[in-house]
Amino acid sequence: MKHGLFLFSITLIHSVCCYREDTVNIHFVPHTHDDVGWLKTVDQYYYGANESIQVAGVQYILDSVIPELMLDPSRHFIYVEMAFFMRWWREQDDVMRGNVRKLVGNGQLEFINGGWCMNDEAGTHYNAIIDQMSLGLRFIRDEFGDGARPSVAWHIDPFGHSVEQASINSMIGFDSFYFARIDYQDYKAREKAQKLQMVWQGSETLGASSNIFTGALYHTTYGPPSTFCFDIGCRDPPIQDDPDLFDYNVDERVKTFINYTLEQAKHHRTSDIMLTMG
């Protein structure tokens, strides 16, 4: 693998640039993870209430992301939790709904996973998993058509992952399954052996029909690369690209970014790596 970089922004399905086999291909995935209840209630998370516990307001994420996607067709974003998106959708007028349908149709806004929530895998019964997935996927089908059906399972925050979940994801029809939180010893072994990606057979009984391509996110986190968080709550240094500035830092920022991505690439067998931005 050559130590060159080729940057391009994609979601998990729709490429907006090109591809090269002789260098590291970086896939940026702009996203948000919105807990359907955790430190606050679902209502508090949606409206941004009770900030003494946590600063989080899901409606403002969607209110700001959607217009930005409309301004530039090269921008992409993925969304997961239908519990929040369905609530936001009900509050929109026909004009905004039409704009969102266009964004979904051209691949700028992509639904991933698509369930009511990102369900736990340890203490849940398979009936409940299927029910909550059906609720969200039915909404996507009814409002956006079969073409918007998610093809990627996305469990970046549940702690631990089960063979039953892998089997269910395969039977739902997902092409792949990505997660972040795994045991630190398991992660270190996989990172060293370049086995962060694998084909997971979810069921011995079902055999190959339960196979699903599976990937563990780098450093078991779904956040942005270290020192490159630009969210409202982040304190990482901004990129200052005016050469007349005393704190001009483009050269340093580019070098830091390249070093980070090349280090990540060492732990993958292919030339493709994912950077989650959100």
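For the structure, check the block above.
About the cut-offs
Residues numbered from 1 in each chain as written. Predicted model: local features only at pLDDT ≥ 70, side-chain atom pairs only at ≥ 80, totals over all residues. Heavy atoms only, no water. Disulfide = S-S within 2.5 Å. Buried < 20%, exposed > 50% of the residue type's maximum accessible area, 1.4 Å probe, protein only. Helix = DSSP H or I, 4+ residues; strand = E, 2+ residues; numbered from the N terminus. Polar contact = N/O pair within 3.5 Å; in protein donor to acceptor, adjacent residues only side chain to side chain. Contact = heavy atoms within 4.5 Å. Salt bridge = Lys/Arg side-chain N within 4 Å of Asp/Glu carboxyl O. Axes fitted to C-alpha atoms, helices over the stretch in contact; angles between N-to-C directions. Parallel < 35°, antiparallel > 145°, perpendicular 65-115°, else oblique. Left-handed = near helix turned anticlockwise from the far one by under 90°. Phe/Tyr/Trp six-rings, centres within 6.5 Å; stacked < 30°, edge-to-face > 60°. Lys NZ or Arg CZ within 6 Å of the ring centre and 35° of its normal.

Notes on the state of the cysteines
Scanning the model with the defined rule gives 1 disulfide in all. Each sulfur in the disulfide pair Cys229 and Cys234 lies 1.7 Å from the other. Taking the relative accessible area as the measure of exposure, Cys229 reaches 17% and is therefore buried. Residue classification places Cys234 among the partly exposed positions, given a relative accessible area of 26%.

Observations regarding the side chain of Asp35
With respect to the element layout, Asp35 can be found in the loop between β2 (24-30) and α1 (42-47). Side-chain polar atoms of Asp35 contact the side chain of His33, separated by 3.1 Å. With near-sequence residues (within four places) excluded, Asp35 lies in contact with Tyr45, Phe84 and Asp157.

Some thoughts on the pattern of salt bridges
As enumerated under the stated definition, the model contains 9 salt bridges in all. Residue Arg87 is joined to Asp43 by a salt bridge in which the shortest nitrogen-to-oxygen separation is 2.7 Å. Residue Arg87 is found in helix α3 (residues 82-90), and its partner Asp43 is found in helix α1; the two are separated by 44 residues along the sequence. The partly exposed category is assigned to Asp43, whose relative accessible area is 43%.

With respect to the packing of helix α2 (residues 58-71) against α3
One way to put it is that α2 packs onto α3 with a least axis distance of 10 Å and a crossing angle of 65°. If you check the angle between α2 and α3, you find them roughly perpendicular. Where α2 crosses over α3, the handedness of that crossing is right-handed. Contacts between α2 and α3 pair Val58, Gln59, Leu62, Asp63 and Ile66 from the former with Phe84, Phe85 and Trp88 from the latter.

Things to note about the packing of aromatic side chains
Taken as a whole and judged by the stated rule, the model has 21 aromatic pairs. Look at Tyr218 and Tyr260: their rings are 5.9 Å apart centre to centre, the planes differ by 80°, and that puts the pair in the edge-to-face class. Pair noted here: Tyr218 is in the loop between β8 (211-216) and α8 (250-265) and Tyr260 is in helix α8, with a separation of 42 residues, a long-range link. Ring pairing ties together the aromatic residues Tyr79, Phe85, Trp88, Trp89, Phe111, Phe139 and Phe144, which thus form one cluster. Of note, Lys40 hangs over the ring of Tyr45, and the distance from its end group to the ring centre comes to 5.4 Å. Note that Arg87 overlies the ring of Tyr46, its terminal NZ or CZ placed 5.3 Å from the centroid.

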